[in-house]
Amino acid sequence: MNIIISEWTKFRTLRSSWWTLGTVALLPVAVAVLVAVTGSLASNDTVLAGAIGNTVVALVPAAILGVLLAAGEHTGATMGPTIVAVPRRWPVLAAKAVVAGGSVLAVALAGNLVAFVVAASLLPDHETGEAAPLVAVAIVYAGTAVLGVAVGTALRSSAGAVTAVTGVLLLPALLGPIVGRLRWLADLGPFGAVQQVVLEPGRWLTAAGVAVACLLSVVPAGWLLLRRDV
Amino acid sequence: MIELINLTKTYGGRTVVDDLTVTVHPGRITAFLGPNGAGKSTTMRMILGLAAPTRGSATIHGHAYRDLPVPLRHVGALLEARSSHPGRTARNHLLFLARSNGIATSRVDEVLDEVGLAAVAHRRTGGFSLGMHQRLGIAAALLGDPPVLVLDEPGNGLDAEGIRWIRDLLRGFAAQGRTVLVSSHLLSEVQRTADQVVVIGAGRLLADAALSALVGGRPLEEVYLQLIEQSIEYHSGRLA
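Residues numbered from 1 in each chain as written. Chains lettered and ligands numbered in written order. Predicted model: local features only at pLDDT ≥ 70, side-chain atom pairs only at ≥ 80, totals over all residues. Heavy atoms only, no water.

Draft legend 1. Here's a closer look at the overall build of chain A. Looking only at helices and strands, chain A has eleven helices and zero strands in total. The globule rule puts the C-alpha radius of gyration for 230 residues at 17 Å, and the 18 Å found for chain A is close to it. Dimensions of chain A, computed from the C-alpha atoms along their principal axes, are close to 60 × 40 × 25 Å. A buried classification covers 51% of the 230 residues belonging to chain A. (Helix = DSSP H or I, 4+ residues; strand = E, 2+ residues; numbered from the N terminus. Rg over C-alpha atoms; globule rule 2.2 N^0.38 Å. Buried < 20%, exposed > 50% of the residue type's maximum accessible area, 1.4 Å probe, protein only.)

Shown next as structure tokens:
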């Protein structure tokens, strides 16, 4: 518990954390409003699918938040003092996952809920769809933030890890459409998971699976953290 | 007490620390000397669990550093001077360290005051001078009021008043029966402060003796340079 409080203290005492968290909160609302006012929603689309389905871009700052929390220790040279204070090391990684995942879960839930409500009020002619999948969407966001922590821990460089994690997020969506029969690959990442769950709310299990896979990414990262010299 | 037993570290094929066996006793200031690249920092990193020994062991009061449940209450460490995030204030840097080991917030303000940083506690450390970074690092080492101090060149970047302050601090610690291991290149300062001297060169132990016995009335600088020179001749002789 002390270590979670310590990691939360690290998080809240840097401005970059709040900028990134603010982006995760506001981007879904901005995107949903954009979709609504440009009239780009097909007439048979629900508000959930049309507006929330496009807020996936906010997954990128969610991942970056995780990266900054982990790789920022190397860029900011605090890794030495941190590991001297917690020499068992793995509790630091676990606490970072809790702080990144927890803060993003709360903020993504609020941001997407506001986006949904705003889009629904701007698009009175469309069917709204259920609000329940928003929870699954927020869980995928939280998983993505934890993935950022894992990649940041493994690569130890903010710039490198931001590039890598953005690639991991974007590549399935970019390559999926051009690989023909392997299109289902596009559904495997967090982007695909969010889009599936808003298109077909029954597919929350897929979203949960992607989130769990993201959580599990801390295992190889933890192995590297324990094995390497600081 | 810090015990190094056959402590060895190799990177690739290069041996950086070579079979060091040294005991650092409480109640005295032990100076840790050696040329740049001799393996002093690597040795300290192994003592603190940051680097894993290739062979041998480093223990503190009989325990590996990693096994200390609340390490900051056992050992205070200063490794690199600039080891705070430039965007975080001095106080917040110490605060997260304190929280990780369950140390009270009041102690953060106490150590800030003790190292003379109370006035800049709420300033971000990106604008700090080397001396201020050094003081912040020493504040972090003092947080848990530990019985053992491991300091890598704490005098770097400190002004005359700062050097005197750290000298008095270390003497006070040793006088209270605590263990102090401090690396330095400032030999005249070491001669004024240290009780015991450990010298390494190319990762090997060259001397481990009481200061008075080692120098025998001569300047430490002279004795030290002689030791280093002999070890180089010995090694090159062996190679030839």
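Draft legend 2. Layout of the packing of helix α4 (residues 59–75) of chain A against helix α7 (residues 133–155) of chain A. All names here are of chain A. In contact at an axis separation of 7 Å, α4 and α7 are set at 35° when each is read in the N-to-C sense. In the crossing of α4 with α7, the sense of the turn from one axis to the other is right-handed. For the pair formed by α4 and α7, the contact residues are L59, A62, A63, G66, V67, A70 and A71 on the first element and V140, Y141, T144, A145, G148, V149, G152 and T153 on the second. Considering only residue class, the contact of α4 with α7 consists of ten nonpolar, five polar and no charged. (Axes fitted to C-alpha atoms, helices over the stretch in contact; angles between N-to-C directions. Left-handed = near helix turned anticlockwise from the far one by under 90°. Contact = heavy atoms within 4.5 Å. Nonpolar A, V, L, I, M, F, W, Y, C, P; charged D, E, K, R; others polar.)

Draft legend 3. Broad picture of unusual backbone geometry. Residues and elements named next belong to chain A. One non-glycine residue, R89, lies in positive phi territory at about 70°. When you line up the elements, R89 lands in the loop between α5 (79–85) and α6 (90–122). One non-glycine residue with positive phi stands out, namely R156, at about 60°.

Draft legend 4. Fine view of a nonpolar patch on the surface. Residues and elements named next belong to chain A. There is a patch of nonpolar side chains on the surface, built from L170, L171, L174, L175, I178 and V179 and spanning about 540 Å² of accessible area. Checked against the element boundaries, L174 lands in helix α8 (residues 158–175). Residue classification places L174 among the exposed residues on the basis of a relative accessible area of 56%. (Patch = residues over 30% accessible without salt bridge, like charges linked within 9 Å, V, L, I, M, F, W, Y side chains within 5 Å. Areas by Shrake-Rupley, 256 points an atom, 1.4 Å probe, with all protein chains shown as cover. Salt bridge = Lys/Arg side-chain N within 4 Å of Asp/Glu carboxyl O.)

Draft legend 5. Representation of the sheet that holds strand β2 (residues 14–24) of chain B in the model. Residues and elements named next belong to chain B. Spatial ordering of the open sheet is given by β2-β1-β4, a layout of three strands whose pairing is antiparallel. Single-partner strands in this sheet number two, and they are β2 and β4 (55–60). Neighbour to neighbour, the strand axes of the sheet diverge by 20° on average, direction disregarded. As defined by bridge partners, strand β1 (residues 2–11) adjoins β4 across five bridges and the pair is classed as antiparallel. (Pairing = 2+ DSSP bridges.)

Draft legend 6. How the structure looks around the side chain of R89(A). For the buried R89(A), no salt bridge is present, and the opposite-charge side chain at shortest range is D229(A), 5.4 Å distant. At 2.6 Å, the side chain of R89(A) and the backbone oxygen of R228(A) are in polar contact. Apart from residues lying up to four places away in sequence, R89(A) is in contact with I83(A), L225(A), L226(A), R228(A), V230(A), G49(B), L50(B) and R66(B). (Lys, Arg positive; Asp, Glu negative; His and termini not counted. Polar contact = N/O pair within 3.5 Å; in protein donor to acceptor, adjacent residues only side chain to side chain.)

Draft legend 7. Just the sheet that holds strand β7 (residues 179–183) of chain B, in detail. Residues and elements named next belong to chain B. One open sheet accounts for six strands, arranged β5-β6-β7-β3-β8-β9; its pairing is mixed. At either end of the open sheet lies a strand with only one pairing partner, and these are β5 (75–78) and β9 (204–210). This sheet shows a mean twist of 15° between the axes of neighbouring strands, independent of strand direction.

Draft legend 8. The interface of chain B and chain A, seen in detail. If you look at the interface, chain B gives 30 residues, while chain A gives 27 residues. Both sides of the chain B and chain A interface together cover about 2,300 Å² of buried area, and 56% of this is carbon and sulfur. Looking only at chain B, the three residues that lose the most surface to chain A are L50(B), R66(B) and F96(B), adding up to 28% of its buried area. Joining chain B to chain A, the criterion identifies one salt bridge. Its salt-bridge partner being D229(A), residue K9(B) comes within 2.7 Å of it at the nearest N-O pair. At the junction of chain B with chain A, the criterion picks out 13 residue pairs in polar contact (both at pLDDT 80 or more). Only β1 and α2 (90–100) of chain B provide two or more residues apiece to the side of chain B that touches chain A. With seven residues, the single largest contributor to the side of chain B that touches chain A is α2(B). When its residues are assigned to classes, the side of chain B that touches chain A shows 13 nonpolar, ten polar and seven charged. (Buried area = accessible area lost by both parts, 1.4 Å probe.)

Draft legend 9. Molecular detail of the pattern of salt bridges. Under the defined criterion, the tally for this structure stands at 13 salt bridges over all chains. In this structure, E80(B) and R45(B) form a salt bridge, with 3.4 Å as the shortest nitrogen-oxygen distance. You can see E80(B) sitting in the loop between β5 and α2 and its partner R45(B) sitting in helix α1 (residues 40–47), a full 35 residues away along the chain. Classification of R45(B) by relative accessible area gives buried; the value is 18%. One salt bridge in this structure joins D109(B) and R91(B), with 2.9 Å as the shortest N-O distance. One end of the pair, D109(B), is in helix α3 (residues 105–114); the other, R91(B), is in helix α2, with 18 residues separating them in the sequence. By relative accessible area, which is 16% here, R91(B) ends up buried. A network of salt bridges, in which partner residues are shared, links E7(A), K10(A), E73(A) and K96(A).

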